[in-house]
Amino acid sequence: MVSHSSYTPARVTTRAGRARKRRWPRRLLWFASGIVILLLLGAGGFVFWLRSVTLAALPTLDGNVQVAGVSAPVNVYRDAHGVPHIDATTQADLFVAQGYVTAQDRLWQMDSFRRNSEGELAEILGHALLRHDETQRFLEIRRVAERIYEHLPALDRAYVDDYGRGVNLFIDSHKDALPPEFRLLHYQPKPWTGVDTISVGLMMVQELDVHAAAKLGRSHIEAKLHNPKLESDLYPVGSWRDHPPTGTEIDWTVPHPAPPATKDDEDDEDEPTKTQLTPFSGTPETAKALLALMGLPTCDGCAMGSNNWVIAGSHTASGKPLLSNDMHLGLAVPGIWYMADLHAPGFHCAGVTLPGFPFIIAGHNEHLAWGFTALMADVQDLYVEKLDGKGDYLAADGSWKPLSVDHETIHVRGSGDVTIEVQSTEHGPIMNPILSGESRTIALKWNLYDPTLNAIPLYAMNTASNWAEFSAALAQWSWPAQNLVYSDDQGHIAYQAIGRVPLRPAGLVPVPIEDNTHEWQGYIPFEDMPHAVDPPSGFLATANSRVTTPQSPDPLTLEWIDPYRVERIYKMLDGRDHLTPKDMLDVQTDVYSELDQEMGQRFAYAIDHTVGVDDRLRKAADLMRSWDGRLTTDSAAASIVTRARAELRQMVLEPKLGKEIDDYHWGESTFAMEEIVMHAMPDWLPPGYKNWDALLTAAVRKGMEDGKAPADVAAWSYGSWHTIDLEHPLVRFLPFLARVAGTGPQPLSGDVSTVKQVGTDVAPSQRFTMDWSNVDGSTENIVLGESGNPLSPYFRDQWKDWYNGTTFALPFTPAAVAAQTRHTLRLTP
């Protein structure tokens, strides 16, 4: 009994413990389920909130809105693509309305543009953007913008202020319905100022007028190679493929001239004057890293470039000129351009605008049209300065002068303010704080810092009615340096290089300068810049390659862009008759690459002449040999060739350059590699390879391996890996935005050597064709759409046209605008 009585309670206790143990998993499951439900409810609530604030931020497109800044009613007609056609009774009201309407669609983008340029992104995005902001402060972009704004001609400044007033009228009346990005980041936009407008414009100058990184990188490579012949191989200045826009007629039956053997054989205009390099220690900032820091393209062979051309009526089906332009820039969500049609007494102009800046940047008015490409003129020099350690530097005249010192305070979200000291010499700001590891004291001289250059003649260009008036405006253009093509309703066509390019009597220098004999002596006169008016050929085209000839009075640069696009444009259009706007679009979207086709033939030949290759390589050779050179998304040969070319670049350069390979960034680097390979230069054959055939075969093999080509290489479609994926700039911080505000990965045709230039960082940002026989049939389209709001019908409605290579007309005359009007908003005093 005793043992029984003592045993029973023990059994009861054990059962109770087991029951409790069985209840714990249930409780844990219920707890976990509750957490999941709360998370789902929270996520659902967040999505509902985000959708609500996004809907609330959609602009008013119809009805009457009171806007205190206008003196009389302004009508805003939106066409089928949401493009605003603004009609005002005064020009002041027109630019107020332009600022207001642009803010309706792109306010957060405008705010991010000014913050990006002025170095204020860390204030809203935190420490991750601090280095970027420091770079912008050392470049003194905001201070330059303040100077330019203060010295603008009175009329231009008045219209800049009108535009800013329109932006602020929108901000003040929509504080509770701002774009969702402001709500997500918990901040309010500051009032817009005229200085902000200029800063946004300088963002484009910074993107298009940068040679400093290449000069810094070249100095590192020069010190690494110690071999002038190898250096000249890597840094060609122009090429035998170039077609300067002289307008002379070309005999295409004449074979290409032989390329120059060495840089010593080049024209005097292209001869750099060497300076003695001072040895440096440490691990200096690479050119690639510096470009990334400034938000510029780093992919091999791609650059902020463009295509433009103009054709006289003698070669068109209508008998009237055709002008086309597609500007190649970095792509983002939303795109960089905003289309608009602006009309008031004495002003009627349509095309693309830059959000944050008034006027039309590129497009047409009632009498003339124009389009841009980057000229690539060298407007920057780096100088190695001597400091005494006491706050003085050795000036060019041999005297010691005190450094200029400014202090900049950067607000950083989530942490304390950061104050930096910007020191400057007579050349410009000392860049060492952003050139980690660089022991030389390097200052940047840039025409942007010249206090006498303050003109932005867009208004004069927008209102010109003939070439005489238009070219007079162009003569005032300071930056960025551009190639401009022109056509008008009287049948004239023209080309003009514009921008203030330094005169350097002692020669251009491709590395930091260490003497006092290479000071600038003013600027190249406007009349001495390359130009052509109504040329005999009736055809002019540029695509960032060399525009000078041996007869040009002054050199513009040592760094042009690869010549493949302009060569293809000339071959497709020069000498043809009965051309139509459709022909223009066919050229803009062309994906044939002579370079890639020739390299494919060379790779195939190498495989044929290499012992011991397998069946897979032979199949690859057959695909390349029969390839038509078009980089379409379904092409296997395009995959093989482009991957092999990328591997070959590394295999050739790395043995010579080592870690300095990231310092090799040159506009004609692709042409340099073509010459090295096609001439089988023995100095560049890496160790371990018997001959160039063996090396090229190895590059094809490695390209297929690293590219994860399928077993059947014929199934390796180009579009399976060569894609475009446009993302909202906040995706880095708020990844969920990729689902609602991006395109997702899409197969992409073309590469950096096709007229449709595409790379990881750069692609056509718009496509424009002006047809003077049918002004309302002239076409313009941007990448995504007019709106920055993902719930707007005009957020992504242009994507299919851009992606599929189609386009649409931009109505211009009152009758055409009325026929296509879908919404009418009236801004009243």
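Residues numbered from 1 in each chain as written. Predicted model: local features only at pLDDT ≥ 70, side-chain atom pairs only at ≥ 80, totals over all residues. Heavy atoms only, no water.

Draft legend 1. How the structure looks around the overall build of the protein. Along the protein, the regular secondary structure elements total 23 helices and 25 strands. Every one of the 829 residues in the protein was classed for burial, and the buried ones make up 60%. Sequence-distant contacts in the protein: of pairs separated by 6 or more residues, those separated by 24 or more amount to 74%. Accessible surface, the protein as shown: approximately 32,100 Å² in total, 55% of it carbon and sulfur. (Helix = DSSP H or I, 4+ residues; strand = E, 2+ residues; numbered from the N terminus. Buried < 20%, exposed > 50% of the residue type's maximum accessible area, 1.4 Å probe, protein only. Contact = heavy atoms within 4.5 Å. Areas by Shrake-Rupley, 256 points an atom, 1.4 Å probe, with all protein chains shown as cover.)

Draft legend 2. Molecular detail of the sheet that holds strand S8 (residues 362-365). Reading across from one edge, S1-S25-S2-S3-S6-S7-S8-S9-S16-S17-S18 is the order of the 11 strands in this open sheet, with mixed pairing throughout. Bordering the open sheet on either side are strand S1 (63-66) and strand S18 (531-533), each of which pairs with just one other strand. Within this sheet the neighbouring strands show an average axis-to-axis angle of 20 degrees, counted without direction. Bridge analysis of strand S9 (residues 368-374) against strand S16 (residues 482-488) gives seven bridges, and the strand direction is antiparallel. Its bridge partner being in S16, Ala369 is matched across the sheet by Ser487. Helix-sheet contacts for helix H13 (residues 467-474) involve S9, S16, strand S17 (493-498) and S18, and the interaxial angle to S16 is about 165 degrees. (Pairing = 2+ DSSP bridges. Axes fitted to C-alpha atoms, helices over the stretch in contact; angles between N-to-C directions.)

Draft legend 3. Seen up close, helix H8 (residues 194-208). Here H8 contains 15 residues, and its C-alpha end-to-end distance of 22 Å stays within 8% of the 21 Å for a straight helix at 1.5 Å per residue. The element H8 is extensively covered by neighbouring structure, given that 14 of its 15 residues are classed as buried. (Expected span 1.5 Å × (residues − 1).)

Draft legend 4. Region of interest: the pattern of salt bridges. The full count for this structure, using the stated rule, is 44 salt bridges. Its salt-bridge partner being Glu567, residue Arg241 comes within 2.7 Å of it at the nearest N-O pair. With Arg241 in the loop between helix H10 (228-234) and helix H11 (287-293) and Glu567 in helix H14 (residues 564-573), this residue pair connects regions lying 326 residues apart in the sequence. Here Arg241 matches Glu567 in class, with each residue buried. One salt bridge in this structure joins Lys401 and Asp397, with 3.8 Å as the shortest N-O distance. (Salt bridge = Lys/Arg side-chain N within 4 Å of Asp/Glu carboxyl O.)

Draft legend 5. Quick look at unusual backbone geometry. A cis amide bond links Val333 with the next residue in sequence, Pro334, at an omega value of -10 degrees. A cis amide bond links Trp479 with the next residue in sequence, Pro480, at an omega value of -5 degrees. With respect to the element layout, Pro480 can be found in the loop between H13 and S16. The residue Met376 is not glycine, and still its phi comes out positive at about 70 degrees. As for its placement among the helices and strands, Met376 is situated in the loop between S9 and strand S10 (380-385). Residue Met376 is classed as buried on the basis of its relative accessible area, which comes to 9%.

Draft legend 6. Up close: helix H17 (residues 615-625). Within H17, burial applies to Leu617, Ala620, Ala621, Leu623 and Met624. Axial view of H17: buried residues confined to an arc of 160 degrees, hence all on one face. Residues of H17 that are buried make contact with helix H16 (594-608), helix H18 (636-657) and helix H20 (692-706). The opening residue of H17, the one whose side-chain oxygen lies 3.3 Å from the backbone nitrogen of Arg616, is Asp614. (Arc of directions from axis to C-beta. Polar contact = N/O pair within 3.5 Å; in protein donor to acceptor, adjacent residues only side chain to side chain.)

Draft legend 7. Representation of the environment of Glu222 within the structure. Tracing the backbone shows Glu222 in helix H9 (residues 212-225). C-alpha separation for the pair Glu222 and Leu657, spaced 435 residues apart in sequence, amounts to 9.7 Å.

Draft legend 8. View of the pairing of S10. Within S10, six of the six residues are buried, leaving the element largely enclosed by the surrounding structure. Across the two faces of S10 the burial is the same, with Gln380, Leu382 and Val384 and Asp381, Tyr383 and Glu385 all buried. Of the strand pairs in this sheet, S10 and strand S15 (residues 441-446) are connected by six bridges, and their pairing is antiparallel. Bridging across to S15, Leu382 finds its partner in Leu444.

Draft legend 9. Representation of the packing of aromatic side chains within the structure. For the structure on display, the rule yields 21 aromatic pairs. A centroid spacing of 5.4 Å and a plane angle of 90 degrees characterise the contact between Phe95 and Phe347, whose relative ring orientation is edge-to-face. Here Phe347 lies in strand S7 (residues 347-353) and Phe95 lies in helix H2 (residues 91-118), a separation of 252 residues in the sequence. When the ring centre of Tyr235 is taken as origin, the NZ or CZ atom of Arg218, which lies over that ring, is 4.1 Å away. When the ring centre of Trp684 is taken as reference, the NZ or CZ atom of Lys656 above it lies at 5.7 Å. (Phe/Tyr/Trp six-rings, centres within 6.5 Å; stacked < 30°, edge-to-face > 60°. Lys NZ or Arg CZ within 6 Å of the ring centre and 35° of its normal.)

Draft legend 10. Highlighting the side chain of Lys445. With respect to the secondary-structure elements, Lys445 resides in strand S15. Among buried charged residues, Lys445 stands out as having no salt bridge; its nearest opposite-charge side chain is Glu519, 5.1 Å away. Ignoring anything within four residues of it in the chain, the contact list for Lys445 reads Val379, Gln380, Asp381, Tyr383, His427 and Trp520. (Lys, Arg positive; Asp, Glu negative; His and termini not counted.)

Draft legend 11. Inspection of the packing of H16 against H17 at higher detail. In the contact formed by H16 and H17, the axes pass within 8 Å of each other and the chain directions differ by 145 degrees. Our pair here, H16 against H17, has a crossing hand that is left-handed. Contacts between H16 and H17 involve Gly600, Gln601, Phe603, Ala604, Ile607 and Asp608 on the former and, on the latter, Leu617, Arg618, Ala621, Met624 and Arg625. Class assignment of the residues belonging to the contact of H16 with H17 gives a composition of six nonpolar, two polar and three charged. (Left-handed = near helix turned anticlockwise from the far one by under 90°. Nonpolar A, V, L, I, M, F, W, Y, C, P; charged D, E, K, R; others polar.)

Draft legend 12. The arrangement of the environment of His220 in detail. Positionally, His220 belongs in helix H9. On the basis of relative accessibility, which here comes to 3%, the residue His220 falls in the buried class. When the C-alpha atoms of His220 and Ile661 are compared, they prove to be 9.8 Å apart, with 441 residues separating the residues in sequence.

Draft legend 13. View of the confidence of the model for the protein. With 88% of its residues at a pLDDT of 70 or more, the protein shows a mean pLDDT of 90. Here residues 1-14 scores under 50 on pLDDT; set against residues more than four positions off or in separate chains, the count is zero contacts. (pLDDT = per-residue confidence, 0-100.)

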